[in-house]
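# Close look at the chain arrangement
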There are 2 protein chains.
Amino acid sequence: MLYTVSEENYIKAIFHLQGDEGMVTTNALSAELQTRPASVTDMLKKLKTKKLLVYEKYQGFRLSAEGRKVALGIIRRHRLWEFFLSEKLRFSWEEVHEVAEQLEHVTSVKLIDKLDEYLGYPRFDPHGDPIPDRNGKIATHERICITAIPPDHPMEVCHVGNQSPELLDILRHNHIAIGTYLSVRKKFSFDNSLEVCTANGPAFVLSEAVAKHVWMKKIDTI
Amino acid sequence: MLYTVSEENYIKAIFHLQGDEGMVTTNALSAELQTRPASVTDMLKKLKTKKLLVYEKYQGFRLSAEGRKVALGIIRRHRLWEFFLSEKLRFSWEEVHEVAEQLEHVTSVKLIDKLDEYLGYPRFDPHGDPIPDRNGKIATHERICITAIPPDHPMEVCHVGNQSPELLDILRHNHIAIGTYLSVRKKFSFDNSLEVCTANGPAFVLSEAVAKHVWMKKIDTI
DNA sequence: AAAATCATTTAGACAAATCTAAAAAAATAT
DNA sequence: ATATTTTTTTAGATTTGTCTAAATGATTTT
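Residues numbered from 1 in each chain as written. Chains lettered and ligands numbered in written order. Predicted model: local features only at pLDDT ≥ 70, side-chain atom pairs only at ≥ 80, totals over all residues. Heavy atoms only, no water.

## Considerations on the protein's contact with DNA strand C
Operational definition: Near is defined per residue: the residue qualifies when any heavy atom it owns lies within 4 Å of the molecule or strand. Polar contact is defined as a pair of N or O atoms within 3.5 Å, subject to the rule that within protein one atom must be able to donate a hydrogen and the other to accept it, and that residues adjacent in sequence are counted only when both atoms are side-chain atoms. For helices the rule is a DSSP run of H or I covering at least 4 residues; for strands it is a run of E covering at least 2, with both sets numbered from the N terminus onward. Side-chain classes follow a simple rule in which Ala, Val, Leu, Ile, Met, Phe, Trp, Tyr, Cys and Pro form the nonpolar group, Asp, Glu, Lys and Arg form the charged group, and the remainder, Gly included, forms the polar group.
The full set close to DNA strand C counts 21 residues, and Thr4, Ser39 and Lys46 of chain A together with Asn27 and Tyr55 of chain B are the nearest of them. Here the atoms of DNA strand C within 4 Å of the protein split so that 77% fall in sugar or phosphate, with bases taking the remainder. The side chain of Thr41 of chain B places a nitrogen or oxygen atom 2.9 Å from a phosphate oxygen of DNA strand C. Of all the secondary-structure elements, those providing two or more residues to the surface near DNA strand C are helix H1 (5-17) and helix H3 (37-49) of chain A together with helix H2 (26-33) and helix H3 (37-49) of chain B. Grouping the amino acids of the surface near DNA strand C by side-chain chemistry returns seven nonpolar, nine polar and five charged.

Take a look at the structure:
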């Protein structure tokens, strides 16, 4: 079954808004998609008749098993293109999202599988988000927030939990990217800010607001 | 100015139907696009108000200078993606067109310029068609139809003038692709068929219908 | 040159995705 | 428990791109 660009955007947004087991509201979705609540209601009816949604009037909604599968396919396409743009075309990580929003709607299973192969079956995109495989399986890093790691134990940044240009800007300014090794030098309990540093770089401070979005890879080796 | 997918498809089709200086008819365009003539008329009005067309009722039409520029941009995107699919993702040349039809509508100037750079600024796509550069300039091979070359002078196939699956199938069966060196061994005047062969391969026959679509690169060296 | 045919346009309709304004249901406050 | 506010849905309109059927312009035949 093929879906319109608009349907795909709704499905993807619902997937992101519903965590595990959560319900989504009409207003939340309309805010996410920058449309009017009335438009959302219309689309919900449509997605319900296509059996992608569990939805009863006034009760909130979430994706059905089938809807979830469709969402994972869209996210797979989005993140593979992000990886391609970043890795092959050398886009910076703030730039990839917008272009991938368009590329994700190109529907050719063969294209995506060949792209996946060409890229070497990457499991994480440039923001550290997992890329579903062709069966919808997603890998997970064992990860821990930088606010929670012990001081003076260098670890690798593996995920950024917010992709707003503002946050990406501040991270880039401090030379923090996926793969960067950081260690915490001091925690200031007054405002929960952190003094951190790279292996041979200068120390600098992350506010709590920034730090809570920075996640580190748990390393199982000693 | 940005155009809808539908507008872009009309512009591209008009570009292909009008040769140099030619006019296009409503029926020809409706046949090309698999729509009804009435739908074409509707779109012509729209493209005219956007100044992409030279069009007076009942008189036929062609692209304006601006329309031509837009068309070349679309064709650039299409052919760069075809090259990418063929060269990097190893699609066969029959498969590239359909996927490129979708990818060509992704509008990001930066994406296309970076892709162009990544691919090494190719000047011809997998069918031997020229890829416009970012200013709309297109390279041309000096080329000659295989029906017109003298016998026993090996030359390189540089262009295939028809991309129907049927023709591509027959060419693939005979191991003819862009870059293949062929020489004509004999011309049969009865039906204008040609006996041709590769450097060390067996001889085989091309019917006139096939041969007239096969073009060879004129080599300026002796 | 009138008749017949063919090409093109107009008129009116439809589906998809959106909107505004108003109504209805649910949640919250008094 | 009733009133108020918030959320959600309905009703009806709009835009885009398409369609069919009918009308009109252009071309060809006799």
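## As for the pairing of strand S6 (residues 193-197) of chain A
All names here are of chain A. Keep this limit in mind: Each residue gets one of three labels from its accessible area relative to the maximum for its type: buried under 20%, exposed over 50%, partly exposed in between, using a 1.4 Å probe on protein chains only. What makes two strands pair is DSSP finding at least two bridges between them.
Counting buried residues along S6, four of its five residues qualify, which places the element largely inside the surrounding structure. Where strand S5 (residues 181-188) meets S6, five bridges bridge the pair, whose relative direction is antiparallel. Looking at S6, one finds that Phe188 is bridged to Ser193. The antiparallel pairing of S5 with S6 creates a hairpin that spans four residues between the two strands, and Asn192 there sits at a positive phi of about 60°. In textbook terms, the turn of a hairpin is the stretch between consecutive antiparallel strands, and for S6 and strand S7 (residues 203-206) this stretch comprises five residues.

## Here's the deal with the nonpolar core
Note the threshold: Only buried residues count toward a nonpolar core. Its members are Ala, Val, Leu, Ile, Met, Phe, Trp, Tyr and Cys residues joined through side-chain atoms within 4.5 Å. Residues count as neighbours in contact if any of their non-hydrogen atoms are within 4.5 Å of one another.
Counting 34 residues, the largest nonpolar core has Trp81 and Leu111 of chain A together with Trp81, Leu85 and Leu111 of chain B as its most contacted members. Listing elements by their share of this core, those giving two or more residues are helix H4 (65-87), helix H5 (96-103) and helix H6 (109-118) of chain A together with helix H4 (65-87), helix H5 (96-103) and helix H6 (109-119) of chain B. Once residues within four sequence positions are removed from consideration, Leu85 of chain B is found in contact with Leu111 of chain A together with Arg90, Phe91, Val96, Val99, Ala100 and Leu103 of chain B.

## Some remarks on the interface of chain A and chain B
By a widespread convention, an interface's size corresponds to the accessible area lost as its parts come together. The test is simple: Buried surface area refers to the total accessible area, computed with a probe of radius 1.4 Å, that the two partners give up upon joining, counted for both partners together. Any carboxyl oxygen of Asp or Glu that lies within 4 Å of a side-chain nitrogen of Lys or Arg is treated as forming a salt bridge with it.
Across the contact, 20 residues belong to chain A and 20 residues belong to chain B. Looking only at chain A, the three residues that lose the most surface to chain B are Leu89, Gln102 and Tyr118 of chain A, adding up to 29% of its buried area. For the interface between chain A and chain B, the tally reads two salt bridges. Linking Lys110 of chain B and Glu95 of chain A is a salt bridge whose minimum nitrogen-to-oxygen distance equals 2.4 Å. When contributions to the side of chain A that touches chain B are tallied by element, the ones reaching two or more residues are H4, H5 and H6 of chain A. By residue number, the principal contributor to the side of chain A that touches chain B is H6 of chain A, which donates five residues.

## Some details on the protein's contact with DNA strand D
Taken together, the neighbourhood of DNA strand D is formed by 21 residues, with Asn27 and Tyr55 of chain A together with Thr4, Ser39 and Lys46 of chain B sitting nearest. The sugar-phosphate portion of DNA strand D accounts for 76% of its atoms within 4 Å of the protein, the bases making up the rest. At a separation of 3.1 Å, a phosphate oxygen of DNA strand D approaches a polar side-chain atom of Thr26 of chain A. Contact distances for DNA strand D include 3.2 Å between a phosphate oxygen and a side-chain N or O atom of Ser6 of chain B. At the level of elements, helix H2 (26-33) and H3 of chain A together with helix H1 (5-17) and H3 of chain B are the ones that each hand at least two residues to the surface near DNA strand D.

## With respect to the domain arrangement of chain A
Applied cut-off: Domain extents, as shown, originate in an automatic or database domain assignment.
Each domain of chain A was delimited in the assignment, giving domain 1 (5-63) and domain 2 (143-217). Computed over C-alpha atoms only, the centres of domain 1 of chain A and domain 2 of chain A are separated by 34 Å.

## Some thoughts on the packing of aromatic side chains
Here is the rule: Put simply, two rings from Phe, Tyr or Trp (the six-membered ring, in Trp's case) pair if the centres are within 6.5 Å, and we call them stacked under 30 degrees between planes, edge-to-face over 60, tilted for the rest. Only Lys NZ and Arg CZ are tested; either one counts as a charge over a ring when it is within 6 Å of the ring centre and within 35 degrees of the ring normal.
A full pass over the atoms with the stated rule returns eight aromatic pairs over all chains. Ring geometry for Tyr118 of chain A against Phe84 of chain B: centres 6.3 Å apart, planes inclined by 85°, an arrangement best described as edge-to-face. Placement of the pair is Tyr118 of chain A in helix H6 and Phe84 of chain B in helix H4, with the two residues belonging to separate chains. In this structure, Lys114 of chain B packs its charged tip against the face of Phe91 of chain A, placed 5.6 Å from the ring centre.

## Describing helix H7 (residues 165-173) of chain B
All names here are of chain B. Threshold: The arc in question is traced by the directions running from the helix axis to the C-beta atoms.
Burial in H7 covers these residues: Leu167, Leu168 and Leu171. End-on view of H7: buried residues confined to an arc of 95°, all on one side of the axis. Along H7, exposed side chains directed more than 90 degrees from the buried face belong to Pro165, Glu166 and His173. Each element contacted by the buried residues of H7 is listed here: strand S4 (155-160), helix H8 (208-211) and strand S8 (214-217). His175 sits one or two positions beyond H7 and adopts a positive phi of about 60°.

## Some remarks on the sheet that holds S5 of chain A
All names here are of chain A. Selection criterion: Axis lines are fitted through C-alpha atoms, for helices just across the contact stretch, and the angle between N-to-C directions can take any value from 0 to 180 degrees.
Ordered by their spatial adjacency, six strands build an open sheet running S3-S8-S4-S5-S6-S7, and the pairing between neighbours is antiparallel. The open sheet has two edge strands, strand S3 (143-145) and S7, and neither has a second partner. Neighbour-to-neighbour, the strand axes of the sheet open up by a mean angle of 50°, direction not taken into account. Sheet topology places strand S4 (residues 155-160) next to S5; two bridges connect them, and they run antiparallel. Following the sheet pairing, Met155 is matched in S5 by Leu182.

## Looking at unusual backbone geometry
Residues and elements named next belong to chain B. In the Ramachandran plot, Tyr121 falls in the positive-phi region, its phi being about 50° despite a non-glycine side chain. Its place among the elements puts Tyr121 in the loop between H6 and strand S3 (143-145). What makes Tyr121 exposed here is its relative accessible area of 51%. In the Ramachandran plot, Asp152 falls in the positive-phi region, its phi being about 60° despite a non-glycine side chain. On the basis of relative accessibility, which here comes to 52%, the residue Asp152 falls in the exposed class.

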